[in-house]
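# Fold and geometry: a report
Read off the chains here:
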Amino acid sequence: MDPVFAWIESTAFSIWMREDLSMFAFPGVLAVHTVGLALVVGFNIVLDLRLLGVGRDVPLIELRRFLPVMWLGFALNAASGVALLVAYPTKALTDPVFYVKLAFIAAAVWILVIIRRSVLEPWSPRRRTSRQLAMLAGASLVCWAGAITAGRLLAYTFRRLTVDF
Amino acid sequence: MAPLQVWLVSVLQRDTFISAFMQTTWGWPAMESLHFIGLALLLGPIAAFDLRLLGVAPAIPIAALHRLVPFGIAGFVLSVITGAMFLMTEPDQYIYNPSFHLKMVFLAVAGGNAFLFYLLPGRHLRSDATVRTPRIAKVIAFVSLTLWLSIMVSGRLITFYRPGLCEPEGPGFIADCIPRR
């Protein structure tokens, strides 16, 4: 994979992300990634807490009104995540923890889609027991906490920073 | 401010079991992870509540959504505790850091803003679901949302404003560099 890493790291965008001292380059993208994290995981926590029995007077289906904000956060993080990956492809892709992070995110989004189909769409009446939903909510919380932890650990677990460093 | 900052650093810079734990291999990264989990736990309920006040999801009773706020406060407490652990381990990296200064100002204003909410329209908003959200509550909600996201941005940027040693002529009114002894 080294030639691929080397090519990505030689692109103008990758070099700009790594070397430009402007706060809009690497630091700004990282800040956007944090805002997106807060929106995505924050909304999922609200949904999960409701499924676990907190705020029972909140009509479950109405929580779908917050979904666009959640997906906005997700889009911010997909875009900023790709930018960070382009900046340091070797660092991320040679670190097993990065794949653990992606797996946690994939599992968490899968759970969200199951929950949405069960309770957040008017045309799909609840097909799961509240016990099943509570278990999905618990799994969702574990996956998001895992994704955050794995993401944070990336700064400590990498073996190679760039192809030739 | 600068003498106060020097004093603060000297008070915080003590070898305790906390700084010893933070200097272990996984102490600092583990607490960082908890700091970010706390941030998400804080933002979720608070942002949902603010968005509701701003008119998103009008069919949700405000009082019902407010039941989630204690969990947001729990997230805040988690982030404050882990944040204090960073501060007690590397005080000069925060006390002289302009991004940290900004974060603390935002935090103080966010605290005052939340206090204002419970002082003014909060009481009856939480008990009566049918009442129309007053304009002042919407302003407070917008300010809250903006501030909490700004706190996260300025927090994430702390690492890019690490202070260096001050010039020989010393720090200015607010030290954003490490004063020489």
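To keep things clear, this report deals only with the structure shown in the data block.

Scoring rules and cut-offs
Residues numbered from 1 in each chain as written. Chains lettered and ligands numbered in written order. Predicted model: local features only at pLDDT ≥ 70, side-chain atom pairs only at ≥ 80, totals over all residues. Heavy atoms only, no water. Helix = DSSP H or I, 4+ residues; strand = E, 2+ residues; numbered from the N terminus. Buried < 20%, exposed > 50% of the residue type's maximum accessible area, 1.4 Å probe, protein only. Contact = heavy atoms within 4.5 Å. Buried area = accessible area lost by both parts, 1.4 Å probe. Salt bridge = Lys/Arg side-chain N within 4 Å of Asp/Glu carboxyl O. Polar contact = N/O pair within 3.5 Å; in protein donor to acceptor, adjacent residues only side chain to side chain. Phe/Tyr/Trp six-rings, centres within 6.5 Å; stacked < 30°, edge-to-face > 60°. Patch = residues over 30% accessible without salt bridge, like charges linked within 9 Å, V, L, I, M, F, W, Y side chains within 5 Å. Areas by Shrake-Rupley, 256 points an atom, 1.4 Å probe, with all protein chains shown as cover.

Residue and element names in this part refer to chain A. Among the secondary structure elements, tryptophan 16 is positioned in helix α2 (residues 12-19). For tryptophan 16, a relative accessible area of 33% puts it in the partly exposed group. Separated by 14 residues in sequence, tryptophan 16 and leucine 30 place their C-alpha atoms 14 Å apart. Setting aside residues up to four positions removed in sequence, tryptophan 16 forms contacts with Phe24 and Ala25.

With that settled, the discussion passes to the interface of chain A and chain B. On the side of chain B, 33 residues touch chain A, which itself brings 33 residues to the contact. Between chain A and chain B the total buried area reaches about 3,000 Å² when both faces are included, carbon and sulfur atoms providing 84% of it. Of all residues in chain A, the largest losses of buried area upon contact with chain B belong to Met23, Phe66 and Arg152 of chain A, amounting jointly to 20% of the total for that side. On inspection of chain A and its partner chain B, the count reaches one salt bridge. Note that glutamate 32 of chain B and arginine 152 of chain A form a salt bridge whose closest N and O atoms lie 2.7 Å from each other. Viewed at the interface, chain B and chain A are joined by two residue pairs in polar contact (both at pLDDT 80 or more).

A word on the packing of aromatic side chains. Inspection of the entire model under this criterion finds eleven aromatic pairs over all chains. Relative to tryptophan 148 of chain B, the ring of phenylalanine 76 of chain B has its centre 5.8 Å away and its plane inclined at 75°; by these criteria the two rings are edge-to-face. Separated by 72 residues along the polypeptide, phenylalanine 76 of chain B in helix α5 (residues 69-89) and tryptophan 148 of chain B in helix α9 (residues 135-156) bring together distant segments of the chain. Judged by its relative accessible area of 12%, tryptophan 148 of chain B falls in the buried class. Aromatic side chains phenylalanine 117 of chain B and tyrosine 118 of chain B sit 5.1 Å apart centroid to centroid with 85° between the ring planes, which places their arrangement in the edge-to-face category. Among the residues examined, tyrosine 118 of chain B registers a relative accessible area of 33% and is labelled partly exposed. One aromatic cluster is present, built from ring pairs that chain together Phe26 and Tyr88 of chain A together with Phe160 of chain B.

Residue and element names in this part refer to chain B. Side chains of Met1, Leu4, Trp7, Leu8, Val11, Phe173 and Ile174 sit close together on the surface and give an oily, nonpolar patch of about 680 Å² of accessible area. On the secondary structure map, leucine 8 appears in helix α1 (residues 2-12). On the basis of relative accessibility, which here comes to 30%, the residue leucine 8 falls in the partly exposed class.

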